[in-house]
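# Structural overview
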Amino acid sequence: MSAFMQYLVTGVARGFLFALLATGFVITYRVTKVVNFAQGAYAVLGGFIAYSLLRAGLPHGVSEAAAVLAAALIGLLFGSIALLGNMTPIASLITTIGLALLSEAVTMLLWNTTPLTYSGIGGRDLVFLGASIQRQYLLVVGVSLVVLLVLWAVLDRTYVGKAMTASASNPYAARLSGINVKRMGLLSFALGGALGGIAGVLIMPLFPLSYDGDVSLSILGFAAAIFGGLISPGLALVGGLAFGITEQFVAGYWSPANQSAAALALLILLLLWWERRQRVEGAQ
Amino acid sequence: MLLEIEDLVRRFGGVRAVDDVHLAVPAGELRGLIGPNGAGKSTLFYLVSGHLAPDRGTIRFDGQPIEALPPAARARLGISLTFQTVHLFQGMTVLENVMVGAHSWTRHEFVEAALRLRRHRREEPLIKERALAAIERTGLAEWAGTPAEALPLGRQRALQIARALCSTPKLLLLDEPAAGLRGDERRQLTHLLAGLRSEGLTMLLVEHDIGFVSDVADIITVLDRGRVIAEGTPAQIRADEAVISAYLGSSMDGDALDVV
């Protein structure tokens, strides 16, 4: 029982990490139709920047907030490169892969290749149904939930969210209503950056990150986003949790060597399902 | 004059689609702009909206030159428009579609909405209120919660007008709003435009169909091959020799006489 709970809690925390990244994918895709494969890079950069700020003596809280802000700015920078001129969404996607590779190289130069971590919030572990749970897990879940709820409320319940959705739905008509579609696109990249940064700073105390960790983060975040057809933040959360929990149970009960393979097998099934659904919708 | 166009020229290759056009529309007027196919009506419309740039000439709105401004900036000054081809925001309700029209006067940003700051708290209810008023005004109240793409064509046209009204425009540009409408839908549209006019809204109505324009416009300007060939009240225009010959000369196919 205690092992089961341990895997479940770890899986849920990983799930929220993927959900944050997935929501980044969703927001950027909804506004720009670009799948931003630099999404995982924001998490690594955010985490590493927080690490360096903490080492430089800045207190917890301030370091993490500054790192998230930096990740948002990096998102903005990547967005302004990926949305240059009148690139098609596919060209922008390829550009984001290039930016992810570039950011890996820069990260390796600045922080070297050793995986990094820092201590999260302290305090005694909580004991719950026989599993001892680090408080950081609760922080991951709590902060993620608040962030996701606020974002969902803004996107689905407010005028600003409508304007963002409108830019994606019909850029031509949106422009005529006075919306600066390019600016909305940049905003969506900055939000993606902030979400990646939040994921990074929350998770680093639990799972050390290395400079090339962004690839698997991007893939699993993307997989979770596909769960919601790349447009639904709610389903992206469900997808994130599904992947996080599957991954931890496979690692725990079977072998850690298989955890990525299992998650990727799930991704392939999902992609097949999504492709089929797209075709059915296209036919209608 | 709310809208003043002087010496306006726009060429496409060797064709002068708009050739030395002068046009002045005072505030509160519903101006009709008609002409046979290829007369340059749509080109003129897009020059005013900002989707095309003129080769020469000036366009002043409320005394300010606007010919170099992009469409979004013109929208912020108070120029709104509806298209002949309906442009909707798919997957959004009628109310949500209309709310987007408010963008030309809202000021609050994403962060303010996320943190529920004052400007957001002040503007959000106002946006909804104006959108609902525009929906009411255009007779769409019972469809407010319906997905926009589910409306019939006549209602979609009304939705575009509602979206434009939500921006509280000073000038409304309408590109062939009656095209493709059924008889009863046309009557509703005539009624709506007449109502907006009586409330003092300035409109520039580009139309192919003389009958429809005559029912609503104060003054009609007739274009032919890029030039203004006549201007006057509907009665004057219908009796004008140059107009009759321009329409007869180019429309033996009869599209001037009925709606396609």
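Just so you know, these numbers come straight off a predicted model, no measurement behind them. (Residues numbered from 1 in each chain as written. Chains lettered and ligands numbered in written order. Predicted model: local features only at pLDDT ≥ 70, side-chain atom pairs only at ≥ 80, totals over all residues. Heavy atoms only, no water.)

With that settled, consider the overall build of chain A. Across its full length, chain A carries 11 helices and 2 strands. Secondary structure elements in chain A, listed N-terminal to C-terminal, are α-α-α-α-β-β-α-α-α-α-α-α-α. Relative to its length of 284 residues, chain A is compact, with a C-alpha radius of gyration of 19 Å against a globular reference of 19 Å. Overall, chain A is about 60 × 45 × 35 Å in size when its C-alpha atoms are taken along their principal axes. Considering chain A as a whole, with its 284 residues, one finds that 53% of them fall into the buried category. Accessible surface, chain A: about 12200 Å² in total, of which carbon and sulfur atoms supply 70%. In chain A, 14 positive and 9 negative side-chain charges are present, and the distance between their average locations comes to 10 Å. (Helix = DSSP H or I, 4+ residues; strand = E, 2+ residues; numbered from the N terminus. Rg over C-alpha atoms; globule rule 2.2 N^0.38 Å. Buried < 20%, exposed > 50% of the residue type's maximum accessible area, 1.4 Å probe, protein only. Areas by Shrake-Rupley, 256 points an atom, 1.4 Å probe, with all protein chains shown as cover. Lys, Arg positive; Asp, Glu negative; His and termini not counted. Charge placed at Lys NZ, Arg CZ, Asp CG, Glu CD.)

With 27 residues of chain A at the contact, the number on the chain B side is 30 residues. Of the roughly 2300 Å² buried at the junction of chain A and chain B (both faces included), carbon and sulfur atoms supply 69%. The largest per-residue losses of area from chain A upon contact with chain B belong to Y159, K162 and L176 of chain A, which jointly make up 31% of the total buried on that side. The partner of E109 of chain B in a salt bridge is R183 of chain A, with the nearest N and O atoms 3.1 Å apart. For the pair chain A and chain B, the interface holds 7 residue pairs in polar contact (both at pLDDT 80 or more). At the level of elements, α5 (135–157), α6 (159–169), α7 (171–176) and α8 (181–203) of chain A are the ones that each hand at least two residues to the side of chain A that touches chain B. Considering every element that reaches the side of chain A that touches chain B, the biggest residue donor is α6 of chain A, with 8 residues. Taken together, the residues that form the side of chain A that touches chain B break down as 17 nonpolar, 6 polar and 4 charged. (Contact = heavy atoms within 4.5 Å. Buried area = accessible area lost by both parts, 1.4 Å probe. Salt bridge = Lys/Arg side-chain N within 4 Å of Asp/Glu carboxyl O. Polar contact = N/O pair within 3.5 Å; in protein donor to acceptor, adjacent residues only side chain to side chain. Nonpolar A, V, L, I, M, F, W, Y, C, P; charged D, E, K, R; others polar.)

Residues and elements named next belong to chain B. Scored by pLDDT, chain B has a mean of 88; 95% of the residues are at 70 or more. The low-confidence segment residues 251–260, where pLDDT is below 50, has 15 contacts with residues more than four positions distant or belonging to other chains. In the predicted complex, the global pTM is 0.81; the interface-specific ipTM is 0.72. (pLDDT = per-residue confidence, 0-100.)

Moving on to the packing of helix α5 (residues 118–137) of chain B against helix α6 (residues 153–166) of chain B. All names here are of chain B. At their nearest, the axes of α5 and α6 sit 8 Å apart, and the two run at 140° to each other. It follows from the interaxial angle that α5 and α6 lie oblique. Here the hand of the crossing between α5 and α6 comes out right-handed. Listed contacts from α6 to I127, R130, A131, A134, I135 and R137 of α5 are A162, L165 and C166. Counted by class, the contact of α5 with α6 contains 7 nonpolar, no polar and 2 charged residues. (Axes fitted to C-alpha atoms, helices over the stretch in contact; angles between N-to-C directions. Parallel < 35°, antiparallel > 145°, perpendicular 65-115°, else oblique. Left-handed = near helix turned anticlockwise from the far one by under 90°.)

Turning next to the pattern of salt bridges. Applying the stated criterion to the full structure yields 19 salt bridges over all chains. Note that R14 of chain A is salt-bridged to E247 of chain A, the shortest N-O span being 2.9 Å. Of the two residues, R14 of chain A sits in helix α1 (residues 2–32) while E247 of chain A sits in helix α10 (residues 233–254), which places them 233 residues apart along the sequence. The exposure class of E247 of chain A is buried, given its relative accessible area of 2%. Between R186 of chain B and D209 of chain B there is a salt bridge, and its shortest N-O distance comes to 2.9 Å. Taken together, the residues span a long stretch of sequence, with R186 of chain B in helix α7 (residues 183–198) and D209 of chain B in the loop between β8 (202–206) and α8 (210–216) at a distance of 23 residues. Three or more residues joined by partner-sharing salt bridges are found here, namely E4, E6 and R60 of chain B.

Moving on, we come to empty space enclosed by the protein. Applying the stated rule across the entire model yields 2 cavities of 30 Å³ or more. Its boundaries defined by the atoms lining it, the largest cavity holds a volume of some 110 Å³. For the largest cavity, the lining is made up of 13 residues, of which L176 and S177 of chain A together with L81, R163 and A164 of chain B are closest to its centre. Those elements that provide at least two residues to the lining of the largest cavity are α7 of chain A together with β6 (79–82) and α6 of chain B. Taken together, the residues of the lining of the largest cavity sort by class into 5 nonpolar, 7 polar and 1 charged. In this structure, the second largest cavity occupies an estimated 40 Å³ of space. The wall of the second largest cavity is formed by L176 of chain A together with V48, S49, P71, R74, A75, I79 and L81 of chain B. The set of elements that each furnish at least two residues to the lining of the second largest cavity consists of α1 (41–49), α2 (71–77) and β6 of chain B. The dominant element in the lining of the second largest cavity, judged by the number of residues it contributes, is α2 of chain B, at 3 residues. Residue composition of the lining of the second largest cavity, by class: 6 nonpolar, 1 polar and 1 charged. (1 Å grid on protein atoms, 1.4 Å probe; cavity = no way out; pocket = protein on both sides within 12 Å on 5 of 7 lines; lining within 4 Å. Points joined across faces, edges and corners; volume = space filled by probe spheres on them.)

Take the nonpolar core next. Counting 138 residues, the largest nonpolar core has L230 and F243 of chain A together with V98, I161 and L193 of chain B as the members making the most contacts within it. Sort the elements by how many residues they give to this core and α1 of chain A lands first, with 15 residues. If near-sequence neighbours (up to four positions away) are discounted, V98 of chain B is found in contact with A131, A134, I135, L159, A162, R163 and C166 of chain B. Core analysis: the second largest hydrophobic core is formed by 26 residues, L2, V21, L33 and I66 of chain B among them. (Core = buried A, V, L, I, M, F, W, Y, C linked by side-chain atoms within 4.5 Å.)

All names here are of chain B. Strand order in the open sheet formed by 4 strands is β2-β1-β4-β5, and the pairing between neighbours is antiparallel. Because the sheet does not close on itself, it has two edges, and the strands there are β2 (15–25) and β5 (64–65). Here 5 bridges tie strand β1 (residues 3–12) to strand β4 (residues 56–61), and the two strands are oriented antiparallel to one another. Bridge pairing links E6 to T58 in β4. Sheet contacts for α1: β1, β2 and β4; angle to β1, the most-contacted strand, approximately 120°. (Pairing = 2+ DSSP bridges.)

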